[in-house]
Amino acid sequence: MSATLIFVVFVALMLLGVPIGVALMLGGAVGIGLAELGWLAIPNNFYAGVAKYPLLALPMFVLVGVIFERSGVARRLVEFATAVVGRGPGMLPMIAILVAMFLGGISGSGPATAAAVGGVMLVAMARAGYPPAYSASVIGAASAIDIIIPPSIAFIVYSVLVPGASVPALFAAGVVPGLMTAAALIVPAVWLARRHGFGAREADEPKPPFWRSLKDASWGLVAPVLILGGMRAGWFTPTEAAVVAVFYGLFVGMVVYRTITVRDLGTLLADAAETSGIILVVVALASIFAYAVNTLGIVDPVAGFIRDSGLGSTGALVIVVVVLLAIGMVLDGVSIFLIFVPLLMPLMRAYAWDPVWFGVILTYMVAIGQFTPPMAVNLMVSARLAGVKIEDTVRWVLWFVLAMLLLLVLLIAFPQISLWLPRTLNY
């Protein structure tokens, strides 16, 4: 009875429009109360949910994203990428994807990258003859790479929820899939542009000088090397790397580019605090729900039923993929992790799925949801900047969804794609 009421209360509150964190907390509180687990379990688990060392990196990486978005790094990276790949039909979409991937190696926040890249690329793409809906689709899809390639906020949250999946191992596991995702998105982006004759005026635009653009972009190019290389060299932990990245970003923005002033610091800190606060409060509230579900043993019978159904590991994984792809269209990534990872852990153990590989698969599905309507947080940002409705982007977005689904099949069929690098680095 308690198990049923937990989910009934949670779903009912969600349908009534109650914020997801509050709905999770109240659903868990109902289970705790009915099972007489003690009301002190609620504040204790609220605190325990965020009192975890890896989560200290989350607000820092959010702040890094805000700093680099405002510092003008994106514009300089676009100029450098243009100098490298040149001008021509389909080149601007390719540049947008490459720059989004690179910014993902700095902040790990999809919406922040969509805003940074969109602010630079949408005007250039419109001037070259690309339709706004197509441009918004490219940038929305490209920004999804950011939660796959390290450093990723999604990986940090997942590592807190799953024992045995360390942040360094997850970061390493995301490198190859992140690079492959960029390649998978470039193919339909360039093909669609050339098939429909987009970017006819792009070749007429001047090409930036290579050495000058390299010099201007060098400070941004060093950032992911500093963050990831420093972790690998043992100079600092992922949490310390986030703090180093914050001070590096401030140095670049305030001293080198001089696009950030002392007066701007308050706004930057407030924006980062608001975003981080929302995520961490949801994490804390969801911990109450997870405690109730785990303590009452709600998930184990469901996992046992699936295990005994004869579906096997492949069949169970197919069900998980289909359900989460559908859920990803209506819920944000952090909520999906907080709700479903505790439910899926018994299946992970039953079928001996590698927790690092499974984390990459879950994150990849969340990435697809970030630009698949109706939720599509990245697409909301890029469409708003482009001045188009999300409905107008669907005909273009579906091609990018298809490309990522094909790559998802490869990542599932060949776990070594994700696991080769962390095993090589002995994580």
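Residues numbered from 1 in each chain as written. Predicted model: local features only at pLDDT ≥ 70, side-chain atom pairs only at ≥ 80, totals over all residues. Heavy atoms only, no water.

## Points about the overall build of the chain
Here's step 1: A count of helical and extended segments in the chain gives 20 helices and zero strands.
Here's step 2: For the chain, whose C-alpha radius of gyration is 22 Å, the value lies close to the compact-globule estimate of 22 Å for 427 residues.
Here's step 3: If you line up the chain on its principal axes, its C-alpha atoms span 70 × 45 × 45 Å.
Here's step 4: Scored against the burial criterion, the 427 residues of the chain give a buried share of 55%.
Here's step 5: Split by element, the accessible area of the chain, about 17600 Å² in all, is 70% carbon and sulfur.
Here's step 6: Averaging the positions of the 21 positive and the 18 negative side-chain charges in the chain gives two centres separated by 9 Å. (Helix = DSSP H or I, 4+ residues; strand = E, 2+ residues; numbered from the N terminus. Rg over C-alpha atoms; globule rule 2.2 N^0.38 Å. Buried < 20%, exposed > 50% of the residue type's maximum accessible area, 1.4 Å probe, protein only. Areas by Shrake-Rupley, 256 points an atom, 1.4 Å probe, with all protein chains shown as cover. Lys, Arg positive; Asp, Glu negative; His and termini not counted. Charge placed at Lys NZ, Arg CZ, Asp CG, Glu CD.)

## What to know about the environment of Leu408
Here's step 1: Examined against the element boundaries, Leu408 turns out to sit in helix H19 (residues 390-413).
Here's step 2: What makes Leu408 buried here is its relative accessible area of 3%.
Here's step 3: In this structure the C-alpha to C-alpha distance between Leu408 and Val321, which are 87 residues apart in sequence, comes to 9.5 Å.

## Some details on the packing of helix H5 (residues 73-85) against helix H6 (residues 91-104)
Here's step 1: H6 packs onto H5 with a crossing angle of 130° between their chain directions and a minimal axis gap of 9 Å. One finds that H5 runs oblique with respect to H6. Every pair of crossing elements has a handedness; the one defined by H5 and H6 is right-handed. Of the residues in H6, those touching H5 at Val73, Ala74, Leu77, Val78, Ala81, Thr82 and Val85 are Met91, Met94, Ile95, Leu98, Val99, Phe102 and Leu103. (Axes fitted to C-alpha atoms, helices over the stretch in contact; angles between N-to-C directions. Parallel < 35°, antiparallel > 145°, perpendicular 65-115°, else oblique. Left-handed = near helix turned anticlockwise from the far one by under 90°. Contact = heavy atoms within 4.5 Å.)

## Quick word on the nonpolar core
Note that soluble globular proteins tend to have their nonpolar side chains buried in a common cluster.
Here's step 1: Tyr134, Tyr158 and Phe358 are the most contacted members of the largest nonpolar core, which totals 153 residues.
Here's step 2: The leading source of residues in this core is helix H10 (residues 167-195), at 13 residues.
Here's step 3: With near-sequence residues (within four places) excluded, Phe358 lies in contact with Tyr158, Leu317, Val320, Leu344, Met348 and Trp353. (Core = buried A, V, L, I, M, F, W, Y, C linked by side-chain atoms within 4.5 Å.)

## Overview of the packing of aromatic side chains
Here's step 1: In the structure shown here, the tally under the stated rule is 13 aromatic pairs.
Here's step 2: Taking the ring centre of Tyr257 as reference, the NZ or CZ of Arg76 above it sits at 3.7 Å. (Phe/Tyr/Trp six-rings, centres within 6.5 Å; stacked < 30°, edge-to-face > 60°. Lys NZ or Arg CZ within 6 Å of the ring centre and 35° of its normal.)

## Observations concerning the packing of H10 against helix H17 (residues 355-369)
Between two packed helices, the angle of one axis relative to the other and the distance separating the axes together describe the packing.
Here's step 1: For the pair H10 and H17, interaxial distance at closest approach is 10 Å and the crossing angle is 45°. Viewed along their axes, H10 and H17 adopt a mutual orientation that is oblique. Like other packed secondary-structure pairs, H10 and H17 cross with a definite hand, here right-handed. Here H10 contributes Ala169, Leu170, Ala173, Pro177 and Thr181 to the contact with H17, which in turn contributes Val356, Gly359, Val360 and Tyr364.

## A look at helix H20 (residues 416-424)
Here's step 1: Regarding H20, the residues found buried are Ile417, Ser418, Leu419, Leu421 and Pro422.
Here's step 2: Buried positions along H20 lie against H10, H17 and H19.
Here's step 3: The positive-phi residue at the C-terminal boundary of H20 is Asn426, with phi of around 60°.

## Considering helix H15 (residues 312-327)
Here's step 1: In a regular helix each residue adds 1.5 Å, so 16 residues correspond to 22 Å; H15 covers 23 Å between its end C-alpha atoms and thus fits that length.
Here's step 2: Buried within H15 are the following residues: Gly315, Ala316, Leu317, Val320, Val321 and Leu324. (Expected span 1.5 Å × (residues − 1).)

## Quick look at the pattern of salt bridges
Here's step 1: With the rule as written, the count across this model stands at three salt bridges.
Here's step 2: Residues Glu79 and Arg75 are paired through a salt bridge, measuring 3.4 Å at the closest nitrogen-oxygen approach. Of this pair, Glu79 and Arg75 are both found in helix H5, four residues apart, which corresponds to roughly one turn of the helix.
Here's step 3: A salt bridge links Arg423 to Asp354; the nearest nitrogen and oxygen atoms lie 3.9 Å apart. In this pair, Arg423 is assigned in helix H20 and Asp354 in the loop between helix H16 (333-350) and H17, connecting sequence segments 69 residues apart.
Here's step 4: Classification of Arg423 by relative accessible area gives exposed; the value is 55%.
Here's step 5: Assessed through its relative accessible area of 26%, Asp354 is described here as partly exposed. (Salt bridge = Lys/Arg side-chain N within 4 Å of Asp/Glu carboxyl O.)

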